[in-house]
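Residues per chain, in single letters:
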Amino acid sequence: MAVMKNPQYMGTNNSILLVILIVAGSFLPRATDAAQLMAGVAKVDITNEKAKPANDRLYVRALVIKNDTTTAVIVTVDAVAIGEIGYIKNDYLPKVRAQLRKELNIQPGNTIFNASHCHGVVCEDVDKRTVRAVMQAAKTMVPVKIGAGVGHEDRIMENRRLMLTSGKEVDVRRAYSLPPDEKVAAVGPVDTEIGVLRLDRMDGRTLAVVYNFACHPIQGVPNGGNTADITGFSSKTIEENLSEGTIALFVQGCGGDINPISYKDVNHLHSAEPLGLMLGFSTLRAVRKIICKQDSQLVVHNEVIKLPRADLAKRISAMEAERIKLANSLNGTFLNLNTFLPLTVKYQLSRDFPSLNSYRYLHERKMGREGLDKMDAKNRANMQAYIRNIHMMEHITRINTNLRLLKKHQKSGYAAGNKTIDVEVVGLRVGDFVLTTFPGELTVRIGLNIKKDSPHDLTFVAGYTNGYIYYAPTAEQLRNVGGAQEDSDCLLAPEWQKIFETKAGEIIRKLLK
């Protein structure tokens, strides 16, 4: 006998089953939850209280990011370098990484430590305070949405390499004088991009901003105090104008040959704060245009590559010979400083009638007497001879300064049998934000080349990361060895550029797969 099913009961049973499925489903792990990106940030004061008085505070800032498979750490330090020079010792990086691996199981290859390259003085226990910052960030992780974008800033920096009419190059440094104006033919490029990664809490409040820009933050402050310089002020500006608790991490770019604007100005106070405010507000404009979304992409690639060192012996010998030649070209002069200065003022004030009033010149000429004109011609010749000696001596000072750098690197490098150097390079992708790093002071053309070659618009380049190997100029700039700081304070042979740019391109493409 067939049993008829009651439609009323069937509807009730289906409803109960639907409720059970909904309730049960709420306890099941969802794919979006498993892929949720988490992040935490913190900053710790690292100002050295025993050094000169502090104008503003120096910080180590940490950002910890993780998804279901990967954890990455970005640490930014208000310091000149991660080891080798300045106040951070060479054991800083291995000590901090070892501690983070022990305490948080964070792999060393997933950590990025970037120095702003400000010349501030950090505390002696900066390594311990760095670990504290990372641990605080790891303990305060929250779900985040992310976005990336690009800002623009062209007012605060200048390329410090000057192309001369002779085909050589010099740089704008406080360590030595500039060449004569008439010898300068052109200047190099700058990178006006600000690369920005924005991280928001799920309720829309900003958690962190990572921003990448290329400029030496070495302007200083009027009182000469300890300072985080331009990028310290820019980070402070960003943090004060976004959600409470926001932390801004500055990642130094390819600023090896990029100075603050008007770096050699002698008519105005040198102050980093106005430049930092401009960089901060330009970054904020970019931040506010970024729309954050849920995106769990987090990829880190780390490897060590071998680069060739330069053999500087021939160039050192040539520069020593040039120095002797220049010294031998110096001749005795009729004038000294006390007589040269008033003559210079007088002859600049009145080029036609420098020694007496015009009517006396006219009268002497009418009488057929040439004494005044001959005296002026002799004085001008003596001034030119004096100026020539000054320019020769200034050239010698530039040679002396750069020659010391070359000799230092030759002694510890090629002459000591060290023909290559191992460097750590990192690639990081957070959503659409792509970053590749290098441990030296990359000059700006390197960064521009890598960005141009990348198939991804939001690609950025950081120098000064995970160590320090001095300057890394282009192969073209290395044809000028001994002429400027970037090509003199350098360990690398010209072939390094192609090796690194090729590797950077490979890493970027791996991140984009």
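Residues numbered from 1 in each chain as written. Predicted model: local features only at pLDDT ≥ 70, side-chain atom pairs only at ≥ 80, totals over all residues. Heavy atoms only, no water.

1. Points about the confidence of the model for the protein chain
Looking at the protein chain, the pLDDT average stands at 93 and 93% of residues meet or exceed 70. A low-confidence stretch, residues 1-11 stays under pLDDT 50, and its non-local contacts, those more than four residues away or across chains, total one contact. Predicted confidence for residues 17-34 stays below pLDDT 50, and this span has one contact to residues more than four positions away or in other chains. (pLDDT = per-residue confidence, 0-100. Contact = heavy atoms within 4.5 Å.)

2. Points about the sheet that holds strand E3 (residues 71-77)
Read across the sheet, eight strands follow the order E4-E3-E2-E1-E5-E10-E11-E12 without closing on themselves; strand pairing throughout is mixed. Two strands bound the open sheet, and with one partner strand each, they are strand E4 (111-115) and strand E12 (247-252). Strand-to-strand twist of the sheet, defined as the mean angle between neighbouring strand axes without regard to direction, takes the value 25°. Relative to E12, strand E11 (residues 206-213) runs parallel, the two being bridged by six bridges. By the bridge assignment, Tyr211 is partnered in E12 with Phe250. Along the sheet face, helix H3 (residues 92-104) touches E3 and E4 and points at about 145° away from the line of E4. Here helix H5 (residues 229-240) sits on the sheet and contacts strand E1 (38-45), strand E2 (59-66), E11 and E12; the angle it forms with E12, its principal contact strand, is near 150°. (Pairing = 2+ DSSP bridges. Helix = DSSP H or I, 4+ residues; strand = E, 2+ residues; numbered from the N terminus. Axes fitted to C-alpha atoms, helices over the stretch in contact; angles between N-to-C directions.)

3. What to know about the packing of aromatic side chains
Within the structure shown, the criterion is met by nine aromatic pairs. Centroid distance Tyr92 to Phe113: 6.1 Å. Interplanar angle 90°. Geometry classified as edge-to-face. Of this pair, Tyr92 sits in helix H3 while Phe113 sits in strand E4, placing them 21 residues apart in sequence. Take Phe113: its relative accessible area is 0%, and that puts it in the buried class. (Phe/Tyr/Trp six-rings, centres within 6.5 Å; stacked < 30°, edge-to-face > 60°. Buried < 20%, exposed > 50% of the residue type's maximum accessible area, 1.4 Å probe, protein only.)

4. Remarks on the pattern of salt bridges
Counted by the stated rule, this structure contains 30 salt bridges. Across the pair Asp203 and Arg205 runs a salt bridge whose closest N-O atoms are separated by 2.8 Å. Residue class for Asp203 comes out exposed when judged on its relative accessible area of 53%. One salt bridge connects Asp422 with Lys306, and the closest N-O pair in it is separated by 3.0 Å. With Asp422 in strand E15 (residues 420-430) and Lys306 in strand E14 (residues 298-308), the pair connects residues that are 116 residues apart, well separated along the chain. A cluster of three or more residues bridged by salt bridges with shared partners is formed by Arg160, Arg161, Glu169, Glu486 and Asp487. (Salt bridge = Lys/Arg side-chain N within 4 Å of Asp/Glu carboxyl O.)

5. Some words on the environment of Asp376
Tracing the backbone through its elements, the reader meets Asp376 in helix H10 (residues 371-412). Look at Asp376 and you get buried, because its relative accessible area is 2%. Ignoring anything within four residues of it in the chain, the contact list for Asp376 reads Tyr347, Pro354, Ser355 and Tyr361. Here the side chain of Asp376 touches Ser355 through a polar contact of 2.9 Å, side chain to side chain. (Polar contact = N/O pair within 3.5 Å; in protein donor to acceptor, adjacent residues only side chain to side chain.)

6. Description of the nonpolar core
Judged by nonpolar contacts, the single largest core of 40 residues is most densely connected at Leu307, Val423, Phe438, Leu442, Leu492, Trp496 and Phe500. At the level of elements, E14, helix H7 (313-328), H10, E15, helix H11 (444-453) and helix H13 (496-512) are the ones that each hand at least two residues to this core. Ranked by the residues each element gives to this core, the list is headed by H13, at six residues. Judged by nonpolar contacts, the second largest core, of 29 residues, contains Ala42, Val64, Val77 and Ala228. (Core = buried A, V, L, I, M, F, W, Y, C linked by side-chain atoms within 4.5 Å.)

7. Considering the packing of H11 against H13
It is at 10 Å that the axes of H11 and H13 come closest, and there the two elements cross at 40°. Here H13 runs oblique to H11, going by the angle between their axes. Both H11 and H13 take part in a crossing whose hand is right-handed. On H13, the residues that touch Ile446, Asn449, Ile450 and Asp453 of H11 are Trp496, Gln497, Phe500, Glu501, Ala504, Gly505, Ile508 and Arg509. Here the residues of the contact of H11 with H13 are counted per class, giving six nonpolar, three polar and three charged. (Parallel < 35°, antiparallel > 145°, perpendicular 65-115°, else oblique. Left-handed = near helix turned anticlockwise from the far one by under 90°. Nonpolar A, V, L, I, M, F, W, Y, C, P; charged D, E, K, R; others polar.)

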